[in-house]
Amino acid sequence: MKYFIQTTLLLCLCILFSCSETQEGGSDQVYGEPGTPLILISIDGFRWDYFDKVATPNLDKIINEGVKAEGLKTSYPSKTFPNHISIVTGSYPSNHGIISNYFYDADFDEYFYIGAGSKAAQDGKWINREPIWVTVEKQLKHAMIMFWPMSDAEILGIRPSEYYVYSGSPSNPSRMNQLLEWLDLTGTDRPTFLASYFSTVDSAGHSYGPDAQETIDTITEVDNAIGNLLAGLESRGILDEVNIMIVSDHGMTETPDSKYINIADYLNLDDVVTVGRGPFMEIRPNENDIESVYQALQNIEHTQVFKKEDIPAQFHYKNNDRIEPILLLADEHWSIVTPGYSSSLGSHGYDPDYKSMNGIFIGRGPGFKSGFVGEEVHNIHLYEMMCKLMDITPSINDGDITATTTFLK
Ligand code: AMP
Ligand code: ZN
Ligand code: ZN
């Protein structure tokens, strides 16, 4: 009998010991300590000053109890895919390879394009730098993502532990619920990196313009979804244990119908290939026609034209074969279009130096200062910062940790 009690006691102790080992050892982390989970959320097209348009109590809670940058500086071109990938790779578009939402690769003889159902956007062959979820997985931790550009692609042979193929349909609150469900995983299943994405603010900004009530309503709706996330973290007792970052990829500006430039007024479109339209257009003439096409595009009011090799250095947009020989860039509010282009009242893609192209970066949690507002930061620096917050080693990137240490404890 005595022997039986002793053995049972020993068995219980062993079980207890091995349980606590699964929760704290191996690749697992303890909430609140370095390496605690990081939640990254993108609100597509949330301009730096949208906080002033309407009450945003939940975003304000993050800011007041955490940090805010005056703005998040966008990489050129101020479009969705290049910038989401800049944020997660810490790299300029010319280095990570997703140089725009739409571009041509001569080696593949294929166009890259985006949108729900895009096969290209689910194909890792297009990307040349390591996204943070790959860095996380390579270091034997879990990344779980409900939508982020290219998170549904296999990159360097690696996918996030959990991911969804992109769809615009699931509601914003349901995306937050999925993150909370993943945070309920225990032991070595627990995620270290979680990410999600909202498209509604960007879509309304395009359809109605940045100042329209319809756009303002989406800000309220997204703030509510963030409120659901905060409440879910609080009810689990982990609100102060996880790091949360909310970013946007770019801003938005008005593009009235009166400010359209029809490229067909300047070029015979049978002689060139045009890539993209709106705030900029890239142009591929026959090799012998580059000079004459360049000359034909001089002096179009409200635009600047550059040969690829003359694109201003601050754009970091030169050293990639996917960039076409000529860039025609519109001034803010102007759109370069081809015949039949349907209008939208808001757009982005302009020179990142326009304040209207600035996005946001706010953060809260044990890794961040509290009640701190810092200067504008460039989005290529966030990758190093996220690696530091998760206590993982960054891969090659263009960022610098000293650009963001001011926001960290
Ligand atoms: P933009 O035209 O630059 O404003 O891009 C916004 C659009 O990107 C959204 O409306 C979606 O159609 C598309 N998008 C966002 N995330 C993804 C994704 N993960 N996969 C494919 N398309 C996406
Ligand atoms: Zn966007
Ligand atoms: Zn957009």
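The shown structure was predicted, so the numbers you read here are calculated from the model rather than taken from an experiment. All residue numbers here refer to positions counted from 1 along the written sequence of the relevant chain. All chains are assigned letters beginning with A, and all ligands numbers beginning with 1, in the order in which they are written. Selection of residues for local features in this predicted model requires a pLDDT of at least 70, selection of side-chain atom pairs for listing and counting requires 80 or more, and totals for whole chains, interfaces and linings are taken over all residues. Remark: hydrogens and water are excluded; side-chain values derive from all non-hydrogen atoms of the structure.

### Comments concerning the pattern of salt bridges
The working definition used for a salt bridge is a side-chain nitrogen of Lys or Arg within 4 Å of a carboxyl oxygen of Asp or Glu. What the rule picks out here adds up to 13 salt bridges. Lys53 is the partner of Asp211 in a salt bridge, and the nearest nitrogen-oxygen pair spans 2.6 Å. Here Asp211, found in the loop between helix H7 (200-208) and helix H8 (213-235), pairs with Lys53, found in the loop between strand E1 (38-43) and helix H2 (57-64); they are 158 residues apart in sequence, far enough to count as distant. Remark: exposure states derive from per-residue accessible area (1.4 Å probe, protein chains only) relative to the maximum for the residue type, with buried under 20%, exposed over 50%, and partly exposed in between. With relative accessibility at 47%, the residue Asp211 sits in the partly exposed group. It is possible to trace a salt-bridge network through shared partners that takes in Lys61, Glu65, Asp240 and Arg364. Working definition: helices are DSSP H or I runs of at least four residues, strands are E runs of at least two. Numbering for both runs from the N terminus.

### Description of the nonpolar core
As a rule of thumb, soluble globular proteins bury nonpolar side chains together. Residues Ile132, Trp133, Phe193, Met245, Phe361 and Met386 are the most contacted members of the largest nonpolar core, which totals 54 residues. Per-element accounting of this core gives the leading share, seven residues, to helix H10 (residues 382-390). Domain borders in the structure are assigned automatically or taken from a domain database. In this structure, this core is formed jointly by two domains, domain 1 (38-255 + 352-407) and domain 2 (260-343), each of which donates at least three residues. Throughout, a contact is declared for two residues whenever any of their heavy atoms are within 4.5 Å. Apart from residues lying up to four places away in sequence, Met386 is in contact with Leu38, Leu40, Ile87, Ile132, Phe193 and Met245. For the purposes of this section, nonpolar cores are sets of buried Ala, Val, Leu, Ile, Met, Phe, Trp, Tyr and Cys residues that join through side-chain atoms within 4.5 Å. Counting residues in each nonpolar core, the second largest holds 37 residues, with Leu180, Tyr197, Ala225 and Ile362 among its members.

### Brief notes about the layout of surface pockets
Each pocket or cavity is described by its volume, and for the largest pocket that value is around 820 Å³. A cavity here means a set of 1 Å grid points, computed over protein atoms only, where a 1.4 Å probe fits but cannot escape. A pocket is an open set with protein on both sides within 12 Å along at least 5 of 7 lines, and lining residues have an atom within 4 Å of a point. In terms of lining, the largest pocket is formed by 47 residues, of which the most central are Lys79, Thr80, Asn101, Ile114 and Gly115. For the lining of the largest pocket, the secondary structure elements donating two or more residues are helix H3 (80-89), H7 and strand E13 (280-285). Per element, the largest residue contribution to the lining of the largest pocket is three residues, and it comes from H7. Both domain 1 (38-255 + 352-407) and domain 2 (260-343) contribute no fewer than three residues apiece to the lining of the largest pocket. Grid points are joined across faces, edges and corners, and a volume is the space filled by probe spheres set on the points.

### With respect to the site of ligand 1
As a structural note, the neighbourhood of ligand 1 is formed by 13 residues, with Thr80, Asn101, Gly115, Asp202 and His348 the closest of them. Here a polar contact is recorded for every N or O atom pair within 3.5 Å, except that within protein the pair must consist of a potential hydrogen donor and a potential acceptor, and residues adjacent in sequence are included only if both atoms are side-chain atoms. Between ligand 1 and Thr80, the relevant distance is 2.6 Å, taken from an oxygen atom to a side-chain nitrogen or oxygen of the residue. Here an oxygen atom of ligand 1 sits 3.1 Å away from a polar atom, N or O, in the side chain of His206. Isolated, ligand 1 exposes 510 Å² of accessible area, and the fraction of that covered by the protein chains is 84%. If you map ligand 1 onto the pockets, it falls in the largest pocket. Sorting the residues of the shell around ligand 1 by element identifies H3 and H7 as the ones contributing at least two each. In this classification, Asp, Glu, Lys and Arg are treated as charged, Ala, Val, Leu, Ile, Met, Phe, Trp, Tyr, Cys and Pro as nonpolar, and every other residue, Gly included, as polar. Its residues assigned to classes, the shell around ligand 1 comprises six nonpolar, five polar and two charged. Consider each residue's heavy atoms; a residue with any of them within 4 Å of a molecule or strand counts as near. Surface accessibility follows the Shrake-Rupley procedure with a 1.4 Å probe radius. Residue values consider only the protein chains on display as shielding. Being in a pocket or cavity means that more than half of the molecule's atoms lie within 2 Å of its grid points.

### Description of the coordination of the zinc ion (ligand 3)
Reference values for coordination geometry: four tetrahedral donors around a metal ideally subtend 109.5 degrees, six octahedral donors ideally subtend 90 or 180 degrees. Coordination partners: N, O, S within 2.8 Å of the metal, 3.2 Å for Na, K and Ca; water not considered, so apparent gaps in a site are possible. Those protein atoms acting as donors to the zinc ion (ligand 3) are Asp202 (OD), Asp202 (OD), His206 (NE2) and His348 (NE2), and they sit at 2.0 to 2.4 Å. Within one chain, the residues serving as donors to the zinc ion (ligand 3) are arranged as D-x3-H-x141-H. A spacing of 4.1 Å is found between the zinc ion (ligand 3) and the zinc ion (ligand 2). With a gap of 146 residues between them, Asp202 in helix H7 and His348 in the loop between strand E17 (346-347) and strand E18 (361-364) connect regions that are remote in the sequence.

### Looking at the sheet that holds strand E15 (residues 326-330)
Within a sheet, neighbouring strands are paired by backbone hydrogen bonds and run either parallel or antiparallel to one another. When DSSP finds at least two bridges between two strands, those strands are taken to pair. Sheet architecture is open: four strands sit in the order E12-E13-E15-E14, paired in antiparallel fashion. Looking at which strands have only one partner, the edges of the open sheet turn out to be strand E12 (272-275) and strand E14 (303-307). Strand after strand, the sheet turns through a mean of 20° between neighbouring axes, direction not considered. Sheet topology note: the E13/E15 ladder contains four bridges and is antiparallel. Of the residues in E15, the one forming a bridge with Phe280 is Leu329. Each axis is a line fitted through C-alpha atoms, taken for helices only over the stretch in contact, and angles between the N-to-C directions span 0 to 180 degrees.

### Remarks on the domain arrangement of the protein
Here the domain parsing of the protein yields domain 1 (38-255 + 352-407) and domain 2 (260-343). On a C-alpha basis, the centres of domain 1 and domain 2 stand 29 Å from each other. Contact residues are listed per partner, giving 25 residues for domain 1 and 23 residues for domain 2. Where domain 1 abuts domain 2, roughly 2,000 Å² becomes buried across the two surfaces, and 54% of that area is made up of carbon and sulfur atoms. By the criterion of area lost to domain 2, the three top residues of domain 1 are Tyr76, Ser94 and Ile99, representing 33% of everything that side buries. Ionic pairing is found between Arg322 and Asp105, a salt bridge with its closest N-O pair at 2.8 Å. For the pair domain 1 and domain 2, the number of links is 13 residue pairs in polar contact (both at pLDDT 80 or more). Within the residue set of the side of domain 1 that touches domain 2, elements represented by two or more residues are helix H4 (93-96), strand E4 (103-105) and strand E10 (253-254). With three residues, E4 is the largest single contributor of residues to the side of domain 1 that touches domain 2. For the side of domain 1 that touches domain 2, the class distribution of residues is 13 nonpolar, seven polar and five charged. Buried area is understood as the total, over both parts, of accessible area removed when two parts are fitted together, assessed with a 1.4 Å probe.

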